[in-house]
2 protein chains.
Amino acid sequence: MLEKLIKAARREVKADLVLKNASYVDVFTGKIRKGDIAVVGEKIVGTGEYDGKEEIDCTSLTVLPGYIDGHVHIESSQLSPEEFASLIVPRGTCTIIADPHEITNVCGMAGCEYIATASKNVPMDVMLQLPSCVPATPFETSGAILGGKDIEENITKDYIFGLGEFMNYPGVLFCDPDVIRKLEAAHAAGKVIDGHAPNVYGNDLNAYLCGGISTDHECVTEEEIEEKISKGMYVHIRHGSSTQNLGNAKYITPANMRRFLLCTDDRHAADLKSKGHLDDALRRLVADGLDPVTAVTCATLNAAECYGLKFRGGIAPFWLADLVVVDDLKNFNAQYVIKNGKVVAKDGKPLFDTSKRYLPKSVLNTVHVKDLKAEDFVLKINSNKAKAMTIEPGGVVTGCEIVDVHHENGDVAVKGTDLLKLAVVERHKMTGNIGKALFKGYGLKGGAMGITIAHDSHNIILLGDDNAAMAKAANTLKEIGGGMVIVDSASGQVHSLTLDIGGLMSSRDAEGLQHDSKQLIERAHSMGVKREYEAFMSLAFLSLAVIPKLKIVDKGLFDVEKFAFTEIEA
Amino acid sequence: MLEKLIKAARREVKADLVLKNASYVDVFTGKIRKGDIAVVGEKIVGTGEYDGKEEIDCTSLTVLPGYIDGHVHIESSQLSPEEFASLIVPRGTCTIIADPHEITNVCGMAGCEYIATASKNVPMDVMLQLPSCVPATPFETSGAILGGKDIEENITKDYIFGLGEFMNYPGVLFCDPDVIRKLEAAHAAGKVIDGHAPNVYGNDLNAYLCGGISTDHECVTEEEIEEKISKGMYVHIRHGSSTQNLGNAKYITPANMRRFLLCTDDRHAADLKSKGHLDDALRRLVADGLDPVTAVTCATLNAAECYGLKFRGGIAPFWLADLVVVDDLKNFNAQYVIKNGKVVAKDGKPLFDTSKRYLPKSVLNTVHVKDLKAEDFVLKINSNKAKAMTIEPGGVVTGCEIVDVHHENGDVAVKGTDLLKLAVVERHKMTGNIGKALFKGYGLKGGAMGITIAHDSHNIILLGDDNAAMAKAANTLKEIGGGMVIVDSASGQVHSLTLDIGGLMSSRDAEGLQHDSKQLIERAHSMGVKREYEAFMSLAFLSLAVIPKLKIVDKGLFDVEKFAFTEIEA
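Residues numbered from 1 in each chain as written. Chains lettered and ligands numbered in written order. Predicted model: local features only at pLDDT ≥ 70, side-chain atom pairs only at ≥ 80, totals over all residues. Heavy atoms only, no water.

**Let's talk about the overall build of chain A**
Then, number 1: Secondary structure assignment for chain A yields 15 helices and 30 strands.
Then, number 2: Whereas a compact globule of 570 residues would reach a radius of gyration of roughly 25 Å, chain A reaches 25 Å, a difference of no more than 12%.
Then, number 3: Seen along its three principal axes, the alpha-carbon backbone of chain A occupies a region of about 90 × 55 × 45 Å.
Then, number 4: The burial tally for chain A puts 65% of its 570 residues in the buried class.
Then, number 5: On chain A, roughly 19,300 Å² of surface is accessible, and the fraction owed to carbon and sulfur atoms is 49%.
Then, number 6: Averaging the coordinates of the 62 positive side-chain charges in chain A and doing the same for the 77 negative ones gives two points 3 Å apart. (Helix = DSSP H or I, 4+ residues; strand = E, 2+ residues; numbered from the N terminus. Rg over C-alpha atoms; globule rule 2.2 N^0.38 Å. Buried < 20%, exposed > 50% of the residue type's maximum accessible area, 1.4 Å probe, protein only. Areas by Shrake-Rupley, 256 points an atom, 1.4 Å probe, with all protein chains shown as cover. Lys, Arg positive; Asp, Glu negative; His and termini not counted. Charge placed at Lys NZ, Arg CZ, Asp CG, Glu CD.)

Shown next, in the form of structure tokens:
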């Protein structure tokens, strides 16, 4: 193999592909250089003057190393890995550090295996982090549990790259034996452990880092970034759909620059399609005043170094030929994307087969509930005052408001009020668990809606003012194998959208999915859901029992601040 | 294990050792910070405020990460690894990337095994690079040959860290199959390959790098450094005894800084003892105007990153507790050195047992020659004009001068002239090979001298104006098992110094060795060797057939520029 590279580097034979007369970003010296870039097989063999069997004139273009997303959950796009790649590879992303936390909460290791295998269908390297916190909390029923023993057994697998974001920082600080076992297994295997530790400082941060954790994508303040970097962490600059901290780039200095990476964490298909992926982050960072070469270095070499990806993230002989050819360092419009030495996208369009999909049975039909009836949603409250959940538009933090409740036939009467019933129906183990709560101010009238994306255990979350419609919504979700649904009590009409992969992602293409998704969202608004909410997706976080204040899981109402279940009665 | 760290980090228990109230260099942000540094077992557990079972007041001191020497041949000190460590650990060096190229040329893999095992006696991490070029050239007889097959068999061994400096760059450029085999074996094992490619530029450099080579410690010009770094290499700043390029630090910029390392390559015991090791490099770099934090970062984090040494080279929780406590960032006088969390040196003195020595038979008695006689050194030249080797003081490049020769009994008569006879006696395989040459201007009169250090095959190199004295010198070297010798024809006296380990290094302590070495050198000067030469060590490079111009090996006189053997007759 090496002979071919060496002979081409010395121009004894033609290179396979040459980017002629390019400007290119040299991330090693921080300069923009000029020359031909020669590629043989998967490798760059040289910069300078070269002839190729295939040549691309890059006279007025700039070549960058392929981007590396330092932390991403593919599931947040609601797309299959193949379709996800078809959106982001043409933007210039060649490698992602992916944590399949959501699908693993539903399907266990079969979810990891699915993402790993599906990713092989596309020209993008998916470095798979074994999810470290499945389930996220012990207070809910998830589809799978990955305990210390499971981490030990799986962390050494070929398709597992490292250990995913360690969200359970109290578990680290309090030396939970199962947590310690997970961390020690990852160390024994020599794997990188991603972190997640918002607002952890001082001695607690020291203790968390003594778990051998390397990264954080949650920090936003100068103080937190400074402390985390000074304690050896890599810090991600995040460009998700909801969670953004591009402002972190303000704190980059020449001395700490190598510790910054870019990531997207959670990014929706609509944003990927209309705005882009890391290319959009680069565009915005540069518009905000960051030196473009610095921005590119964060998106490439720094990530490669953090994750120990050798010979990747730079344009140099023997380095992986993952290259992005852009119009300029302002717009970052990708004209060509080269992955492993092959042109895989041109003018923002994929040149690879995007129709090939891996779809194993193990991730399909994941909604396991008995047939539900109207009476399953009767809510008995032994008081005239109750706690109702509220949520700010655009946020994931919930509030708790004390409301007056009216009773009718042993049920709470919500019709015609500003209250709705909220229910989390366990959908993995057929436990029959239904957690119930009141929800104020969302606006839905005359029906019910539901979704099988409910962080992080992804049970069914339902909302409605009509028990029968709620039952119908749940039963429809079972029928379609997961997704989103809305039921109109008056007309009896049911509208749904299928997310067949684990109830989280669709095996369809992005365009069709988005079209149907928009229609369903519009229908929710037409039934009263206030336009300041993201109709369905705002519901998906009402069950996330690690974010304040009041949450609902399949086992009941949960007070995050007290970190305990609570009564609905006020 | 992690519990202990975490609990101490949270101050639930006392740390094992705390450096109280220290200033410390934060290599991640380039700042000097203030605080306590807490250590448990081998790890740093936190910075901030801590109490320890043992505490060291560092109020007026500065703490740095332990230094990492990016490339060193221990053999050049003529000391055992244990004694070598006793000199450099108290200076602050905690890790070395060691290439046992010399001892392996003599003893083969037994040489590597020896260095690896001996190193375990001392508190210093020796990352052993498997020598890639044994022998250095095919034109001489070495004690061992490590071919592609040998590299394949040994590169995966536990005690082998990577592949040593790949000096045979023509072999890479011309795709020598055995060279390719070595490189591919190292890649398959995922090992770092060190480079050595002086004055290789452009497409040839691209081709060399296509061998997957990561570092270079030979470059000195801005142009070469710039090109090598821009092509993804790490560049060493070298502080050897003879070969120095501290001036490379002038070319450090904030953007390329992370690609610079420090190394010593070849450093004599006398320099280690009187001036120091990397501490001396730091002192001089800072005196020359380099920012001290930058200098420290090159000597620590950068080297760790280059060689993939995780959690090493910085002061942070979970990072290895290799620490140097210095007086200030100008003098770098090490007050304490902490290795793996233990105080191993204080006030420049080792606190560890330096008397323990591993001394296997496999590296002893390595001088294998038949008994030599005066007539073995008869030099027949079929001309009155001959080529004589010359050498500039302080250099390793030799010259070629055409001289008149006088014959006497079928031998060249050198007595009373400015010429001496030079001979390389093969000492590994009993081949009986003796390469002979003339040497002009060295000054020795009335006797002979010899040494078993003769780069890189380390045969016996002899010099004299008296055949019988030359034979006596060779026989003495055999008798003592290698070392240095001087024979006075007039008195018949023989003075010698034993280098029992492979004929290269002594198992004695540095002090005694240096004392005897000085005496022997003085004796050489008293017998006429000009004081501008390093009496014995200048001889050791006369056989190095990769450095111009005229060299002598056991198979004959070698013209390096023509890369072929040559006649002595002019």
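That shown, we press on.
**Here we look at the sheet that holds strand β7 (residues 93-98) of chain A**
Residues and elements named next belong to chain A.
Then, number 1: Across the sheet, 5 strands lie side by side as β6-β7-β8-β9-β10; this open sheet has parallel pairing. On the outer flanks of this sheet lie β6 (67-72) and β10 (193-195), each paired with one strand and no other. Across the sheet, the mean angle separating the axes of adjacent strands is 25° when strand polarity is ignored.
Then, number 2: Bridging between β6 and β7 involves 4 bridges; their strand directions are parallel. Considered in β7, the bridge of Ile68 is made with Thr95. (Pairing = 2+ DSSP bridges. Axes fitted to C-alpha atoms, helices over the stretch in contact; angles between N-to-C directions.)

**Remarks on the environment of Thr215(B)**
Residue and element names in this part refer to chain B.
Then, number 1: Along the chain, Thr215 turns up in strand β11 (residues 215-216).
Then, number 2: Judged by relative accessible area, which is 0%, Thr215 ranks as buried.
Then, number 3: Along the primary structure Thr215 and Val192 are separated by 23 residues, whereas in three dimensions their C-alpha atoms are 8.9 Å apart.
Then, number 4: With near-sequence residues (within four places) excluded, Thr215 lies in contact with Ile193, Asp194, Gly195, His196, Met233, Tyr234, His236, Cys306 and Tyr307.
Then, number 5: Among the polar contacts listed, one links the side chain of Thr215 to the side chain of Asp194, at a separation of 2.6 Å. (Contact = heavy atoms within 4.5 Å. Polar contact = N/O pair within 3.5 Å; in protein donor to acceptor, adjacent residues only side chain to side chain.)

**A closer look at the relation of the copies chain A and chain B**
Then, number 1: Rotating chain A by 180° and translating it 0.0 Å along the rotation axis places it on chain B, where the RMSD comes to 0.1 Å. Such a combination of turn and shift is consistent with a two-fold rotation axis. Among all C-alpha atoms of chain A, that of Pro254(A) lies closest to the rotation axis, at 2.8 Å.
Then, number 2: Mapped onto chain B, 100% of the interface residues of chain A again fall at the interface, so both copies present the same surface. (Least-squares fit on C-alpha atoms with pLDDT ≥ 70 in both.)

**Regarding the interface of chain A and chain B**
Then, number 1: Contacts between the two partners involve 65 residues from chain A and, on the opposite side, 65 residues from chain B.
Then, number 2: When residues of chain A are sorted by the area they lose upon contact with chain B, Arg10(A), Cys210(A) and Arg258(A) head the list and together hold 15% of the total.
Then, number 3: Put simply, Arg259(B) and Glu305(A) hold a salt bridge, and the shortest N to O gap is 3.5 Å.
Then, number 4: Taken together, the connections running from chain A to chain B amount to 24 residue pairs in polar contact (both at pLDDT 80 or more).
Then, number 5: Only α1 (2-9), β2 (31-40), β3 (43-48), α6 (169-173), α7 (177-188), α8 (202-209), α9 (222-230) and α13 (301-306) of chain A provide two or more residues apiece to the side of chain A that touches chain B. (Buried area = accessible area lost by both parts, 1.4 Å probe. Salt bridge = Lys/Arg side-chain N within 4 Å of Asp/Glu carboxyl O.)

**Comments concerning α9(A)**
Then, number 1: Among the residues of α9(A), those classed as buried are Glu224(A), Ile225(A), Glu227(A), Lys228(A), Ile229(A) and Ser230(A).
Then, number 2: Buried-residue contacts for α9(A) involve α8, β11 (215-216), β12 (234-238) and β13 (260-263) of chain A together with β1 (15-26) and β2 (31-40) of chain B.
Then, number 3: Taken from the residues just after α9(A), Gly232(A) is the one with a positive phi, measuring 90°.

**Focus: the sheet that holds strand β30 (residues 564-565) of chain B**
All names here are of chain B.
Then, number 1: Pairing within the open sheet is antiparallel, and its 3 strands lie in the order β28-β29-β30. The open sheet has two edge strands with one neighbour each: β28 (550-553) and β30.
Then, number 2: With 2 bridges joining them, strand β29 (residues 556-559) and β30 adopt antiparallel strand pairing. From the neighbouring strand, Phe558 faces β30, where its bridge partner is Phe565.

**Focus on the packing of aromatic side chains**
Any aromatic ring pair is given by two values, namely how distant the centres are and how the planes are angled relative to each other.
Then, number 1: By the definition in use, this model includes 24 aromatic pairs over all chains.
Then, number 2: Aromatic side chains Phe439(B) and Tyr442(B) sit 5.2 Å apart centroid to centroid with 40° between the ring planes, which places their arrangement in the tilted category.
Then, number 3: Here Tyr442(B) and Tyr533(B) contribute two aromatic rings whose centre-to-centre distance is 4.6 Å and whose plane-to-plane angle is 35°, an arrangement assigned as tilted. Of this pair, Tyr442(B) sits in the loop between β23 (434-440) and β24 (447-451) while Tyr533(B) sits in the loop between α15 (510-526) and β28, and the two are 91 residues apart along the sequence. Just as Tyr442(B) is buried, Tyr533(B) falls in that class too.
Then, number 4: A network of ring pairs unites the aromatic residues Phe28(A), Phe311(A), Phe318(A) and Trp319(A) as a single cluster.
Then, number 5: Lys43(A) extends its terminal NZ or CZ atom over the ring of Phe318(A), reaching a point 3.7 Å from the ring centre.
Then, number 6: Above the face of the Tyr234(A) ring, Arg259(A) is positioned so that its terminal group lies 3.9 Å from the ring centre. (Phe/Tyr/Trp six-rings, centres within 6.5 Å; stacked < 30°, edge-to-face > 60°. Lys NZ or Arg CZ within 6 Å of the ring centre and 35° of its normal.)

**Describing empty space enclosed by the protein**
Then, number 1: One pass over the structure, following the stated rule, counts 5 cavities of 30 Å³ or more.
Then, number 2: Its boundaries defined by the atoms lining it, the largest cavity holds a volume of some 80 Å³.
Then, number 3: Lining the largest cavity we find Pro254(A), Ala255(A), Met257(A), Arg258(A), Pro254(B), Ala255(B), Met257(B) and Arg258(B).
Then, number 4: Each residue belonging to the lining of the largest cavity can be placed in one class, and the counts come to 6 nonpolar, no polar and 2 charged.
Then, number 5: In this structure, the second largest cavity spans a volume of roughly 50 Å³.
Then, number 6: Lining the second largest cavity are Pro65(A), Gly66(A), Ile68(A), Thr95(A), Arg312(A), Gly313(A), Gly314(A), Leu320(A) and Asp322(A).
Then, number 7: Considering only residue class, the lining of the second largest cavity consists of 3 nonpolar, 4 polar and 2 charged. (1 Å grid on protein atoms, 1.4 Å probe; cavity = no way out; pocket = protein on both sides within 12 Å on 5 of 7 lines; lining within 4 Å. Points joined across faces, edges and corners; volume = space filled by probe spheres on them. Nonpolar A, V, L, I, M, F, W, Y, C, P; charged D, E, K, R; others polar.)

**Some thoughts on the environment of Ala116(A)**
All names here are of chain A.
Then, number 1: Turning to its location among the elements, Ala116 is positioned in helix α4 (residues 109-119).
Then, number 2: Each C-alpha atom of the pair Ala116 and Val286 lies 33 Å from the other, and the pair is 170 residues apart in sequence.
Then, number 3: Apart from the residues within four sequence positions on either side, Ala116 is in contact with Leu128 and Tyr159.

**Here's the deal with the pattern of salt bridges**
Then, number 1: Per the stated rule, a full pass over the model turns up 71 salt bridges over all chains.
Then, number 2: Of the charged contacts in the structure, one is a salt bridge between Lys346(A) and Asp347(A), with a shortest N-O distance of 3.8 Å.
Then, number 3: Using a relative accessible area of 34% as the deciding quantity, one classes Lys346(A) as partly exposed.
Then, number 4: With its nearest N and O atoms 3.4 Å apart, the salt bridge here joins Asp280(B) to Arg267(B). Of this pair, Asp280(B) sits in helix α11 (residues 278-287) while Arg267(B) sits in the loop between β13 (260-263) and α10 (269-274); the two residues are 13 residues apart in sequence, bridging distant segments of the chain.
Then, number 5: Judged by its relative accessible area of 7%, Asp280(B) falls in the buried class.

Distances and angles like these do not, on their own, reveal function.
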